[in-house]
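If you want the building blocks of each chain, they are given just below.
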Amino acid sequence: MRLLEYNDKGEFSLAEFFGDEVPRYAILSHRWGAEEVTLADLMDGNGKKMAGYSKIQFCGEQSKRDGLQYFWVDTCCIDKSNSTEVAEAINSMFRWYQNATKCYVYLSDVSRRPFDTDDKSNAPWESRFRKSRWFTRGWTLQELIAPVSLGFFSEEGELLGDKAESRETTCKEDRAYSLLGIFDVNMPLIYGEGKEKALKRLREEIDKASKGIKREDFSVAFSLSNVSDVEHFVAREAELVEMHRTLSGDGSRRTVVLHGLGGIGKTQLSVAYTKRHKDSYSAIFWLNIKDEDSLKQSFTRIAKQILREHPLASRLSNIDTNESLDEVVDAVKAWLSLPNNRRWLMIYDNYNNPKLPGNTDPGAVDIRKFLPESYQGSILITTRSSQVRFGHTIQIRKLGDVGDSLEILSNTSRRERLIDDPDAIKLAKELDGLPLALATAGAYLDQAYFDSQDLWLELLQHSDSNDPDWVQQLAKDELSFHNTVRVLSNHGFVEVDMSSQELIESQGYSMHGCVHLWTVHVLNQSWDYDLAKLAVKFVGSHIQGEKTVRPWLIQRRLLQHANRSSYLFLTRLVTDARMAWACHNLGNLYKIHGKLVEAEQMYQQALQGYKKAWGIEHTSTLDTVNNLRSLYADQGKLVEAEQMYQRALQGYEKA
């Protein structure tokens, strides 16, 4: 959006803003006349000589009086020589008037001369006002309806009056019912439903009448099955109101970013928002953006949600959700970008490793690749990073009221009247307003053996007699495993993994990232190479071959743990050459999922390990060389592929 700024010297300058960066502004409504100032006129300095320049001056001066730095005038804020920009502006016009802080209606054919300034009844200007040609112009209808605050001004720039905003009705519902005739729609009158529900039904009927399409055509049942939820959400009312105000609109793109410390309550605030405002959206989708693999699996889950209710959905119905995840992502984004599918809400949770300048972590995620292309719908992002700055940012701070902290303690402990308990009050103050109550600033993930999400029994059932007794006992059978995990769950350290992906093995358990960091920072201050090797052994052993029934279900589940294991190899936190077989299996897993760079890294690690442990002509070494040959061919590196082929061929002939 291109806006004008009026400086103290009486000159104008232009500034461009994108998306949610647009500041508060005033907007002009008028009828076009002779010698209107275009963008080109303003840029080359000829505008001051033209008749239409006075309107721009009026708008700039009035916005300044109203404390607004920027203002918009259609004649010179749109490049009329650019047909694409003109089309986009026309489609955005209602929203621009709706979002304006002030709208000034400049009536060039209504003059309030000095002799009738004090005349309050039947003044001559009133009859001219009623006959103004502004009321007959087609474009001014939306300019009358859309703005929140609208004032009428004479050609001298004097305020004549404003749009009535304080109309009242005896029944609350009549605020909606009284508009039925204006919008030419019909709906049942249900007195007692309340103003908000009546207005919601009215908006839906207007949508149906104006677009010729039902919002229900894109509706997907609301579900929080893959999200941990608390029964009683406490406080954060101001944040909920700000989120709703920012995300509400006409269906064009709205973005809110919640940022704050780990465990501060960002996810639960998002859950509370969706539960409160679920009826405002046709579909609400939850994505885990902890890493790229988790995010792509979230898109797969969303695709299945959509197909359950819309089996003929374009593109989605022709894709096997068990095959290319990239195709699934593109198909879901395309469905969200369909015309009139504008009422969805996408929640990108745990965006804690964003791809930003200076972040060299290869696992960092660029969220922009996973946003729908069309400028529509609502987006909510939770992150620990204050550097994620696109959209409207809301910092989530510690709870300031000790009473809120006591309420959380009461809800989770199921103990009443803690407000009168001095020990409870002391504890609440000690926890310092942190909902998860753990200090995690400065902790890092470098000393974790597994990923924090989704650990399950079968993954751990690869131990032998050389492994620690506690590991063997833990994974002995289902009863031993669940009895152990139940203790951790009762104390709030782990919870049942809420992922809704299809399972062919037992349910997993997850640990909140904040608790995970605490265990790393406090419990595992020194690195245990044996435990690291044990974790890698479990992951490498559980990678299923293609002959397994539906192997992709376990492979996808393993990816996040595979990323952790490969990191341990690449950073020399696991150095035993005898673990080369695990690197080889990790390479196979990555290759199956199209992660060719990661596959090459693991194959190279395996090759070095096999050469050191078994020698260059061992069949395991040659198998890895052959896999590298195949990988290079897939990457189009034909020279390297031929070298690996010759090397493998010569080795096999000797063997």
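Residues numbered from 1 in each chain as written. Predicted model: local features only at pLDDT ≥ 70, side-chain atom pairs only at ≥ 80, totals over all residues. Heavy atoms only, no water.

Asker: How would you explain the overall build of the protein chain if you had to name every residue and give the values?
Answerer: The helix and strand tally for the protein chain stands at 24 helices and 14 strands. Sequence separation of 24 or more characterises 68% of the internal contacts of the protein chain that already satisfy a separation of 6 or more. Total accessible area on the protein chain stands at roughly 34,200 Å², and carbon and sulfur atoms take up 50% of it. (Helix = DSSP H or I, 4+ residues; strand = E, 2+ residues; numbered from the N terminus. Contact = heavy atoms within 4.5 Å. Areas by Shrake-Rupley, 256 points an atom, 1.4 Å probe, with all protein chains shown as cover.)

Asker: Could you give an account of the environment of N483, naming the residues involved and the relevant values?
Answerer: Along the chain, N483 falls in helix α17 (residues 478–490). With a relative accessible area of 36%, N483 lands in the partly exposed category. (Buried < 20%, exposed > 50% of the residue type's maximum accessible area, 1.4 Å probe, protein only.)

Asker: Tell me about the sheet that holds strand β11 (residues 378–383), and please be specific about residues and values.
Answerer: Strand order across the open sheet formed by five strands is β9-β10-β11-β8-β12, with parallel pairing between neighbours. Pairing within the sheet leaves two strands with one partner each, and these edge strands are β9 (283–288) and β12 (392–395). The sheet shows a mean angle of 15° between the axes of neighbouring strands, taken without regard to direction. Relative to β12, strand β8 (residues 254–259) runs parallel, the two sharing four bridges. Counted as the bridge partner of L258 is I394 from β12. (Pairing = 2+ DSSP bridges. Axes fitted to C-alpha atoms, helices over the stretch in contact; angles between N-to-C directions.)

Asker: So what's going on with the packing of helix α19 (residues 529–542) against helix α21 (residues 580–592)? Residues and values would help.
Answerer: The geometry of α19 relative to α21 is characterised by a closest axis approach of 9 Å and an angle of 45° between their N-to-C directions. Taken together, α19 and α21 sit at an angle that is classed as oblique. The way α19 lies across α21 gives a crossing that is left-handed. Every residue of α21 that contacts α19 at V536, K537, V539, G540 and S541 is listed here: W581, A582, N585 and L586. Among the residues forming the contact of α19 with α21, the class breakdown is five nonpolar, three polar and one charged. (Parallel < 35°, antiparallel > 145°, perpendicular 65-115°, else oblique. Left-handed = near helix turned anticlockwise from the far one by under 90°. Nonpolar A, V, L, I, M, F, W, Y, C, P; charged D, E, K, R; others polar.)

Asker: Outline the pattern of salt bridges, supporting the account with residue identities and numerical values.
Answerer: Evaluation of the coordinates by the stated rule reveals 21 salt bridges. Note that D454 and R557 form a salt bridge whose closest N and O atoms lie 2.7 Å from each other. With a gap of 103 residues between them, D454 in the loop between α15 (422–431) and α16 (469–474) and R557 in helix α20 (residues 551–570) connect regions that are remote in the sequence. An identical accessibility class is assigned to D454 and R557; each is buried. We note a salt bridge from E600 to K637, for which the minimum N-O separation is 3.5 Å. With E600 in helix α22 (residues 596–613) and K637 in the loop between α23 (619–635) and α24 (638–654), this pair connects stretches of sequence that are 37 residues apart. Given a relative accessible area of 18%, E600 falls into the buried group. Judged by its relative accessible area of 31%, K637 falls in the partly exposed class. Here the residues in one salt-bridge network are E292, K296, D326 and K369, joined through shared partners. (Salt bridge = Lys/Arg side-chain N within 4 Å of Asp/Glu carboxyl O.)

Asker: Which residues make up unusual backbone geometry, and what values go with them?
Answerer: A positive phi is found at E35, a non-glycine position, where the angle reads about 55°. Along the chain, the position of E35 falls in the loop between β3 (25–29) and α1 (39–44). We classify E35 as partly exposed; its relative accessible area is 47%. With phi around 70°, N350 is a residue other than glycine that occupies positive phi space. Checked against the element boundaries, N350 lands in the loop between β10 (344–349) and β11.

Asker: If you had to explain the packing of aromatic side chains to someone new, which residues and values would you point to?
Answerer: In the structure shown here, the tally under the stated rule is 22 aromatic pairs. One aromatic cluster is present, formed by W125, F129, W134, F135 and F152 through successive ring pairs. The residue whose ring lies beneath K64 is Y6, and the NZ or CZ to ring-centre distance is 5.7 Å. One Lys or Arg, R557, reaches over the ring of W456 and ends 4.0 Å from the middle of that ring. (Phe/Tyr/Trp six-rings, centres within 6.5 Å; stacked < 30°, edge-to-face > 60°. Lys NZ or Arg CZ within 6 Å of the ring centre and 35° of its normal.)

Asker: Lay out the pairing of strand β2 (residues 12–16) in plain terms, naming residues and giving numbers.
Answerer: For strand β1 (residues 2–6) and β2, the ladder comprises five bridges, and the chain directions are antiparallel. What sits directly across from R2, in β2, is E16. Taking the residues between adjacent antiparallel strands as the criterion, β1 and β2 are bridged by five residues, where G10 takes a positive phi near 80°.

Asker: Lay out the confidence of the model for the protein chain in plain terms, naming residues and giving numbers.
Answerer: When pLDDT is averaged across the protein chain, the result is 81; 81% of the residues are at 70 or more. Here residues 212–216 scores under 50 on pLDDT; set against residues more than four positions off or in separate chains, the count is 15 contacts. Every residue in residues 434–448 scores below 50 in pLDDT, and together they form 41 contacts with partners more than four places removed in sequence or on other chains. (pLDDT = per-residue confidence, 0-100.)

Asker: With reference to specific residues and values, describe α20.
Answerer: At L559, α20 shows its maximal bend, which comes to roughly 45°. Among the 20 residues that make up α20, 16 are buried, leaving the element largely enclosed by the rest of the structure. Once α20 ends, the next one or two residues include R572, with phi positive near 65°. (Bend = angle between axes of the 7 residues up to and from the residue.)

Asker: Please give an account of the environment of Q608 that cites residues and values.
Answerer: Take Q608: it is sitting in helix α22. Looking at Q608, the relative accessible area reads 46%, which means it is partly exposed. When the C-alpha atoms of Q608 and T624 are compared, they prove to be 9.9 Å apart, with 16 residues separating the residues in sequence.

Asker: Requested: an account of the sheet that holds β1, with residues and values cited.
Answerer: In spatial order, the strands read β2-β1-β4-β3-β5-β6-β7; together these seven strands make up an open sheet with mixed pairing. A single partner strand is all that each edge strand has here, and the edge strands are β2 and β7 (159–162). Strand after strand, the sheet turns through a mean of 30° between neighbouring axes, direction not considered. Pairing geometry for β1 and strand β4 (residues 70–72), over two bridges, is antiparallel.

Asker: Describe the state of the cysteines, with residues and values.
Answerer: Applying the stated criterion across every chain, the model contains zero disulfides. Not part of a disulfide, C59 finds its nearest cysteine sulfur in C103, a span of 8.7 Å. A disulfide-free cysteine, C77 has its sulfur positioned 4.5 Å from the sulfur of C76, the nearest such atom. (Disulfide = S-S within 2.5 Å.)

Asker: Help me get a handle on the side chain of S565, residues and values and all.
Answerer: Note that S565 resides in helix α20. Exposure remark for S565: the relative accessible area of 2% places this residue in the buried category. Apart from residues no more than four positions distant in its own chain, S565 is found in contact with V536, V539 and L586.

Asker: Go over the environment of A599, please, and point to the residues and values.
Answerer: Counting through the fold element by element, A599 comes out in helix α22. The exposure class of A599 is buried, given its relative accessible area of 0%. A sequence separation of 15 residues divides A599 from H584, and the C-alpha atoms of the two residues are 8.7 Å apart. If we ignore the near neighbours within four places in the chain, the residues touching A599 are G587, Y590, K591 and L631.

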